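An overview of the molecular structure
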2 protein chains.
Amino acid sequence: MKLPKEMVVRGFRASGASCGIKRTGKPDLALVVSDRPCVSAVVFTRNRVAAAPVVWGRANRNRGRLRGIVVNSGNANACTGAAGISAVREISRTACEALGIPKDSLLVCSTGVIGVPLPVGKIVAALPGLARRLDPKGIRDAGEAIRTTDAFPKRGMRRFRAGGRTVTLAGIAKGAGMIAPDMATMLAYVFTDAALRPEDARRMMRDAADRTFNRIVVDGDMSTNDTAALFANGACGLRPLAGAGLAAFREALESLLLDLALMIVRDGEGATRVVRFSVTGARSDAQALRAARAVASSLLVKTAVHGADLNWGRVIAVLGRAGIAVDPMKVEMAFAGVPLLRRGMRPDPAAERRAAPRIRKDAYGIDVDLGQGKGSAFVYFSDLTEQYVRINAGYRS
Amino acid sequence: MKLPKEMVVRGFRASGASCGIKRTGKPDLALVVSDRPCVSAVVFTRNRVAAAPVVWGRANRNRGRLRGIVVNSGNANACTGAAGISAVREISRTACEALGIPKDSLLVCSTGVIGVPLPVGKIVAALPGLARRLDPKGIRDAGEAIRTTDAFPKRGMRRFRAGGRTVTLAGIAKGAGMIAPDMATMLAYVFTDAALRPEDARRMMRDAADRTFNRIVVDGDMSTNDTAALFANGACGLRPLAGAGLAAFREALESLLLDLALMIVRDGEGATRVVRFSVTGARSDAQALRAARAVASSLLVKTAVHGADLNWGRVIAVLGRAGIAVDPMKVEMAFAGVPLLRRGMRPDPAAERRAAPRIRKDAYGIDVDLGQGKGSAFVYFSDLTEQYVRINAGYRS
């Protein structure tokens, strides 16, 4: 995937800088703000141990009218008690004042190490400078400032025509490992000049996140800080999208989020391959998703994918323990498009030979049909490598 | 743990040999049989994709009156369709005839690669010779013949006095990785000369397996072939155990199974440490166990344990996504006996310094109190190492 070089969306300005949280001196504070009110939609982690900014953000009555974001990296502000909440409040107040926008109209996010008090003084001191340096071309800098262990930046653009105008979407994201709670967080933000009705924004963002970010599995863990948000400021000049324009927006949004999600999987802490795992023929969509997630989280399946091992036996064994309706005699399975397993029986060696070279690639699909009903689901997952263990065993020591 | 050198239990004879399934020529066929009827109790895998011997064994009406076992290693006879069931039937018939015991009175088990037709001819041809070589000292050889990737053999003995007699229990097990479906299987067998009532045998075996084998987590996977069985032939001459004698047996059985279970965790494919993870203060025992299993299966926790990283943040983040009642402000956590987390807040550095050297040991405990109620549970889990990835990525290629 090629990264866009310039990210400009009418009415948005942004900046990124180092405020001194990261010892490396790399950028660790990002600000993006619209010059006019937005319709916004935010999706938060479902982890019950939510970080302070998530707790505060959920309670913010302005959630549907946010103007933008202020995000620090290097510290998750999680497990920081009442002081953590005060810190979010202070950041919100300082940033909104510096920008001259209504109070509580920014989404405040943090990502980084859990359990360390947030150096709120450094952030507050840096905010006025960041506000002064806001630039229409700054979204890319903001994207750089939200990185933690990301091996590469994650960003994307979409454009489409509607009513004689061009609608633009720009997305930035961070995360490697879905999700490494210790470095806490997948974050993703989309800024668009489309005009959207609030209910359309909310529904589309929830659905698109569910079909993209909620379908990627690196290690099966879920962070205390995960947040994805959409900001639509209507600066393209159209009235709220409807009909074909709205459908085009929905498609652009989902495709942009999928790009960002796949970048996260691909960056998944040592990952070398990404598999699209699809389940059909389940009793229900819910059973299909449960089966797909179980397979995508299995250490044995993930190591087999890493070793380019055509190990359908491990896949079928996980299906058996996934708590879904399954009969091994009805299971069919294909690797990289080559049908291998028919009715739970061993594949013929010729098919195995055909499939073998295809699973050495860095992306392919595994398709399972359970033969039980019409339920279906898919997930994307990365392989498990020695590098993953090295990264995660060594991070804090 | 020291392994017993000699394993003799009155009334049992056993043997192990190579019948040619393993290309290495290592022993791959085991036979253990009692010279008189036994009371038996068998616990099978709950995986819905059960191997042929499990399907057949479950349906065997003689399950409570089995005389012993015939086990092959090197091939799991799983995903082998109707031919797999026929193979089990043929092995059962041949072995019972060779031993001159009633039909269907042996537990037939297989462990090894999934999806490869069982070379039943080799097994059947070798059985008469194995039957001739049965020896009271042969249980240890049988234990050797059931190994697959086990780095070391797993066996143990227990003796206690009851009614002026000595009661003996001998256990053998195999498994490394709980569970590597590809090498399919944890197997464990206990042979005792105690006399037991059938209902006592069943209840004690189920309970003991639940508190030992069902509490170990290497990689969270469950095999298609897992089986644990108890054979009590009453040869010690006592009437069925009751009261204090029965209590002593229960204790001996659970402690023996725990030894075997811990050997499996310790052998867990590259494992270097074993952690006893305990949860108290949950809403219910079921919630406590759910939380404990989630933590024990978390890649991030397992890699942190490997790296001797005092990473309570990862533990609390897993608790948050475990689907149980949890409030970070009420969580208390101790590593290796040192209280670290109090009410979800960051520990003081002095406590961290005290705990740090203790988590470099090869076995220690992590204790969590959720402050929600009276539910409790514990599990034992191993760390996740680069060696695990090497073993499981490379096995079949």
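Residues numbered from 1 in each chain as written. Chains lettered and ligands numbered in written order. Predicted model: local features only at pLDDT ≥ 70, side-chain atom pairs only at ≥ 80, totals over all residues.

A separate point is the overall build of chain A. A tally of regular secondary structure across chain A gives 11 helices and 15 strands. By the compact-globule yardstick of 21 Å for 397 residues, chain A fits well, its C-alpha radius of gyration being 22 Å. Taking the principal axes of its C-alpha atoms as reference, chain A extends roughly 70 × 55 × 35 Å. Taken over 397 residues, chain A has a buried fraction of 60%. (Helix = DSSP H or I, 4+ residues; strand = E, 2+ residues; numbered from the N terminus. Rg over C-alpha atoms; globule rule 2.2 N^0.38 Å. Buried ≥ 20, exposed ≤ 12 C-beta atoms within 10 Å, placed from the backbone.)

As a further point, take the sheet that holds strand β15 (residues 375-382) of chain B. Residue and element names in this part refer to chain B. In space, the six strands of this open sheet follow the order β9-β15-β11-β14-β12-β13, with mixed pairing throughout. Edge positions in the sheet fall to β9 (216-217) and β13 (338-341), since each has one partner strand and no second. As paired elements, strand β11 (residues 274-282) and strand β14 (residues 363-369) share seven bridges and run parallel to each other. Pairing of Arg 276 across the sheet is with Gly 365, part of β14. On the sheet, helix α7 (residues 285-297) packs against β9, β11 and β15 and is oriented at approximately 20 degrees with respect to β15. (Pairing = 2+ DSSP bridges. Contact = placed C-beta atoms within 7 Å. Axes fitted to C-alpha atoms, helices over the stretch in contact; angles between N-to-C directions.)

In this section: the packing of helix α1 (residues 52-59) of chain B against helix α2 (residues 81-99) of chain B. Residues and elements named next belong to chain B. Between α1 and α2, the least distance of the axes is 8 Å, while the angle of their chain directions is 60 degrees. The angle between α1 and α2 places the two elements in the oblique class. For the pair α1 and α2, the sense of crossing is right-handed. Contact residues: Ala 52, Pro 53, Val 55 and Trp 56 in α1; Gly 84, Ile 85, Ala 87, Val 88 and Arg 89 in α2. A per-class count over the contact of α1 with α2 returns seven nonpolar, one polar and one charged. (Parallel < 35°, antiparallel > 145°, perpendicular 65-115°, else oblique. Left-handed = near helix turned anticlockwise from the far one by under 90°. Nonpolar A, V, L, I, M, F, W, Y, C, P; charged D, E, K, R; others polar.)

Accessible area lost upon the coming together of the parts is a frequently used measure of interface size. All names here are of chain A. Domain parsing of chain A yields domain 1 (12-266) and domain 2 (274-394). Once you take the C-alpha centre of each, domain 1 and domain 2 turn out to be 33 Å apart. Domain 1 puts eight residues into the contact, and the matching count from domain 2 is nine residues. Of all the secondary structure elements, the ones that give two or more residues to the side of domain 1 that touches domain 2 are β9 (216-217) and α6 (243-266). Per-element accounting of the side of domain 1 that touches domain 2 gives the leading share, three residues, to α6. (Domains from an automatic or database assignment.)

Turning our attention to the environment of Leu 31 of chain A. All names here are of chain A. When you line up the elements, Leu 31 lands in strand β2 (residues 29-34). For Leu 31, a count of 28 C-beta atoms within 10 Å corresponds to the buried category. With 37 residues separating them along the chain, Leu 31 and Gly 68 place their C-alpha atoms 7.6 Å apart. The contact partners of Leu 31, leaving out residues within four places of it in the chain, are Ala 14, Ser 15, Val 70, Ala 95, Leu 130, Ala 131, Leu 134 and Ala 142.

Right, let's get into helix α2 (residues 81-99) of chain A. Residue and element names in this part refer to chain A. Between its first and last C-alpha atoms α2 spans 28 Å; for 19 residues at 1.5 Å apiece the expected length is 27 Å, and the two agree. Turning to α2, its buried residues number three or more, namely Gly 84, Ala 87, Val 88, Ile 91, Ser 92, Ala 95, Cys 96 and Leu 99. Considered in projection along α2, the buried side chains sweep an arc of 150 degrees and stay on one side of the axis. Elements that come into contact with the buried residues of α2 comprise β2, α1 (52-59), β4 (68-75), β5 (106-113) and α3 (120-132). Where α2 ends, the next residue or the one after it, Gly 100, has phi of about 65 degrees, a positive value. (Expected span 1.5 Å × (residues − 1). Arc of directions from axis to C-beta.)

With that settled, the discussion passes to the sheet that holds strand β14 (residues 363-369) of chain A. Residues and elements named next belong to chain A. Taking strand neighbours across the sheet as the criterion, the six strands line up as β9-β15-β11-β14-β12-β13 in an open arrangement whose pairing is mixed. Taken across any chain shown, the strands that pair with only one partner, and hence form the sheet edges, are β9 and β13 (338-341). Pairing between β9 and strand β15 (residues 375-382): two bridges, direction parallel. Each residue of the ladder has a partner; that of Val 217, found in β15, is Phe 381.

Here we take up the packing of helix α8 (residues 299-306) of chain A against helix α9 (residues 312-321) of chain A. Residue and element names in this part refer to chain A. Relative orientation of the contacting elements α8 and α9 amounts to 160 degrees, with a least axis distance of 9 Å. For the element pair α8 / α9, the angle class is roughly antiparallel. The two elements α8 and α9 meet at a crossing, and its hand is left-handed. Contacts from Leu 300, Val 301 and Ala 304 of α8 reach α9 at Arg 314, Val 315 and Val 318.

Counting 277 residues, the largest nonpolar core has Val 32 of chain A together with Val 32 of chain B as the members making the most contacts within it. Here Val 32 of chain B is in contact with Phe 12, Ala 14, Gly 68, Ile 69, Ile 139, Ala 142, Tyr 189 and Phe 191 of chain B, once residues within four sequence places are set aside. (Core = buried A, V, L, I, M, F, W, Y, C linked by C-beta atoms within 7 Å.)

Residue and element names in this part refer to chain B. Here α7 is 13 residues long and its end C-alpha atoms lie 18 Å apart, about the 18 Å a rise of 1.5 Å per residue gives. Of all 13 residues that make up α7, 10 are buried, and the element is covered over most of its length. For α7, every residue scored as buried is listed here: Gln 287, Ala 288, Leu 289, Ala 291, Ala 292, Arg 293, Ala 294, Val 295, Ala 296 and Ser 297. As for α7, its buried residues are in contact with β9, β11, α8 (299-306), α9 (312-321) and β15.

Attention shifts here to the environment of Val 274 of chain B. All names here are of chain B. If you trace the backbone, Val 274 turns up in strand β11. Given 21 C-beta atoms within a 10 Å radius, Val 274 is considered buried. Sequence spacing of Val 274 and Gly 365 is 91 residues, and the spatial spacing of their C-alpha atoms is 8.5 Å. Setting aside residues no more than four positions away along its own chain, Val 274 makes contact with Leu 262, Val 265, Arg 266, Asp 362, Ala 363, Tyr 380 and Ser 382.

All names here are of chain A. Summarising burial for strand β7 (residues 165-174): eight of the 10 residues are buried, a large majority. Of the strand pairs in this sheet, strand β6 (residues 154-162) and β7 are connected by nine bridges, and their pairing is antiparallel. Residue pairing for β7: Arg 155 is matched across the bridge by Ile 172. Between β6 and β7, which pair antiparallel in sequence order, lie two residues; one of them, Gly 163, sits at a positive phi of approximately 55 degrees.

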